[in-house]
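# Understanding the architecture of this molecule
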Amino acid sequence: MNTSELKDKRIAVLLSGGVDSSVVVHEFAQLGLHPDCFYIKIGPEEQEEWDCSSEEDLEMATAVSHKYGCRLEVVDCHREYWDQVTKYTMDKVKAGLTPNPDVMCNRIIKFGAFHEKRGHDYDLIATGHYAQTEMIDGKKWLTTSPDPVKDQTDFLAQIYDWQLQKAIFPIGHYVKDEVRQIAEREHLVNAKRKDSQGICFLGKINYTDYIKMYVGEQPGDVIELETGKLIGRHNGHWFYTIGQRKGLGFGGGPWFIVKKDIEKNILYVSHGYDPETAYKQDFPIHGFHSINGEMPSGQVTFKIRHTPEFHRATLEPLDDTCFMVHSEDMIHGVAPGQFCVIYDSDHHRCYGSAEITV
């Protein structure tokens, strides 16, 4: 960040109460800047027992904003989250697809609903994402963080160009350990606070409970793919994802989810990574969303889940927004509904993402 470039800008910081966004405020303070801070409140819908962490989050955010002399305002985006992000999630799981609420939360809430309510008054919206932006050939690009484990460009790959234009990621050039060190050195109240492991904004809410509340249960059979043997029962195909191998609870394991029959509500499992069903090398993606209008072509890198690894592939255009991905590697757990995030061949610039349709 450059002080001369920022001093005349109106800056809003989305302060969650976590260590990452708190260090964002510190970074601005080091430049002599005191941006306005905003805590986005969504709160689980009419479920007091679920609201485990929002009070603590707000206390942390309040302490950090006071430490650096910044104003803090609470912005209520409850209705937008539960009407839009939750609807997206439940529509996908009921259809047997694998949604990513965090991806849509960034587009719909952090850079969407917040912008409509308060962000439109600001030139820049700063968050604690591990991502960067870069001007290349006159265009602003979303680019990767040097921390391969924490890089969050995949969660930002559905934002719009106008949202990217206002986005700034002040800690994106750090690795996580450096952020922790800064927080401890500056004696931030949340310096040793653990990272959130749940869905964006939902704190300690269990994802299964979240789905169960809105979709309910529908018991069905669990069948071994190779033998056709009934090995157990499940409470609904929407609680499981292709490639899942933890927390299944079926006897005689370990088991891996390799296939779903949505119409019959059957889960097919295998003892191992069956190459014909659990791995794919070629798969279609549809509805490609380009962040800044640039479309990928030829040799690219991609990822289909939040992991440090990127895979190399060639894209074959099918129409204006659909591609066939020809991966150099066999990819495990390719599931319809997942976002395939596309990067350049050096996995530096993020083009955007599309849904897998296999």
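What comes next is a walk through the structure.

Parameters and conventions
- Residues numbered from 1 in each chain as written.
- Predicted model: local features only at pLDDT ≥ 70, side-chain atom pairs only at ≥ 80, totals over all residues.
- Heavy atoms only, no water.
- Helix = DSSP H or I, 4+ residues; strand = E, 2+ residues; numbered from the N terminus.
- Rg over C-alpha atoms; globule rule 2.2 N^0.38 Å.
- Buried < 20%, exposed > 50% of the residue type's maximum accessible area, 1.4 Å probe, protein only.
- Contact = heavy atoms within 4.5 Å.
- Areas by Shrake-Rupley, 256 points an atom, 1.4 Å probe, with all protein chains shown as cover.
- Lys, Arg positive; Asp, Glu negative; His and termini not counted.
- Charge placed at Lys NZ, Arg CZ, Asp CG, Glu CD.
- Pairing = 2+ DSSP bridges.
- Expected span 1.5 Å × (residues − 1).
- Core = buried A, V, L, I, M, F, W, Y, C linked by side-chain atoms within 4.5 Å.
- Arc of directions from axis to C-beta.
- Polar contact = N/O pair within 3.5 Å; in protein donor to acceptor, adjacent residues only side chain to side chain.
- Salt bridge = Lys/Arg side-chain N within 4 Å of Asp/Glu carboxyl O.

### Quick word on the overall build of the protein
Helix and strand counts for the protein come out as eight helices and 17 strands. Radius of gyration (C-alpha) of the protein: 21 Å, near the 21 Å computed for a compact globule of 358 residues. Its C-alpha atoms put the protein at 65 × 50 × 35 Å along the principal axes. When the 358 residues of the protein are sorted by exposure, 54% land in the buried category. Long-range pairs, those at least 24 residues apart, make up 67% of the contacts in the protein between residues at least 6 apart in sequence. Of the accessible surface of the protein, which amounts to about 16200 Å², a share of 47% is contributed by carbon and sulfur atoms. Charge-centre separation for the protein: the mean point of 38 positive side chains lies 2 Å from the mean point of 54 negative side chains.

### Things to note about the pairing of strand β17 (residues 349-356)
β17 sits mainly inside the fold: seven of its eight residues count as buried. Taken together, the two bridges between strand β6 (residues 139-143) and β17 define a ladder with antiparallel strand orientation. Bridge pairing links L142 to C350 in β17. For strand β16 (residues 339-343) and β17, the ladder comprises five bridges, and the chain directions are antiparallel. Bridge assignment links Y343 to a residue of β17, and that residue is C350. With antiparallel pairing between neighbouring strands as the criterion, β16 and β17 make up a hairpin whose turn holds five residues, including H347 at a positive phi of roughly 40°.

### A look at helix α4 (residues 78-94)
Counted at 1.5 Å a residue, the expected span for α4 with its 17 residues is 24 Å, and the 23 Å between its end C-alpha atoms agrees. Buried within α4 are the following residues: H78, E80, Y81, W82, V85, T86, Y88, T89, M90, K92 and V93. Close packing links the buried residues of α4 with β2 (36-41), β3 (72-76), α5 (101-117), α8 (207-215), β16 and β17.

### Focus on the nonpolar core
With 53 residues, the main nonpolar core has Y81, I109, F114, L142, F250 and I257 as its most contacted residues. Taken together, the elements giving at least two residues each to this core come down to β1 (11-14), β2, α4, α5, α8, β11 (266-270) and β16. Among the elements that make up this core, the one with the highest residue count is α5 (eight residues). With 28 residues, the next largest nonpolar core counts Y39, C70, I171 and Y174 among its residues.

### Brief notes about helix α7 (residues 176-185)
Three or more residues of α7 are buried, namely K176, V179, R180, I182 and A183. Taken end-on, α7 shows its buried residues confined to a sector of 160°, consistent with a single buried face. Exposed positions of α7 whose direction lies more than 90 degrees from the buried face are D177, Q181 and R185. Against α2 (19-30) lie the buried residues of α7.

### Here we look at the environment of H120
Inspection of the secondary structure puts H120 in the loop between α5 and β4 (124-126). In sequence terms H120 and H237 are 117 residues apart; their C-alpha atoms lie 41 Å from each other. Reaching out from H120, the side chain makes a polar contact with the backbone oxygen of E116 at a distance of 3.3 Å.

### Points about the side chain of D151
If you trace the backbone, D151 turns up in the loop between β6 and α6 (161-166). A distance of 2.6 Å separates polar atoms of two side chains, one belonging to D151 and the other to T153. Discounting chain neighbours no more than four positions away, the residues touching D151 are Y130, T144, S145, H306 and Y343.

### Topic: the pattern of salt bridges
Within the structure shown, the criterion is met by 18 salt bridges. The closest approach of N and O atoms between E73 and R118, which form a salt bridge, is 2.9 Å. On the criterion of sequence distance, the pair formed by E73 in strand β3 and R118 in the loop between α5 and β4 is long-range, its members being 45 residues apart. Each member of the pair, E73 as well as R118, carries the same accessibility label: buried. Ionic pairing is found between K139 and E294, a salt bridge with its closest N-O pair at 3.1 Å. Here K139 is found in strand β6, whereas its partner E294 is found in the loop between β12 (279-290) and β13 (298-303), with 155 residues between them in sequence. By sharing partners, the salt bridges in this structure join R10, D36, R71, E73, R118 and D121 into a single network.

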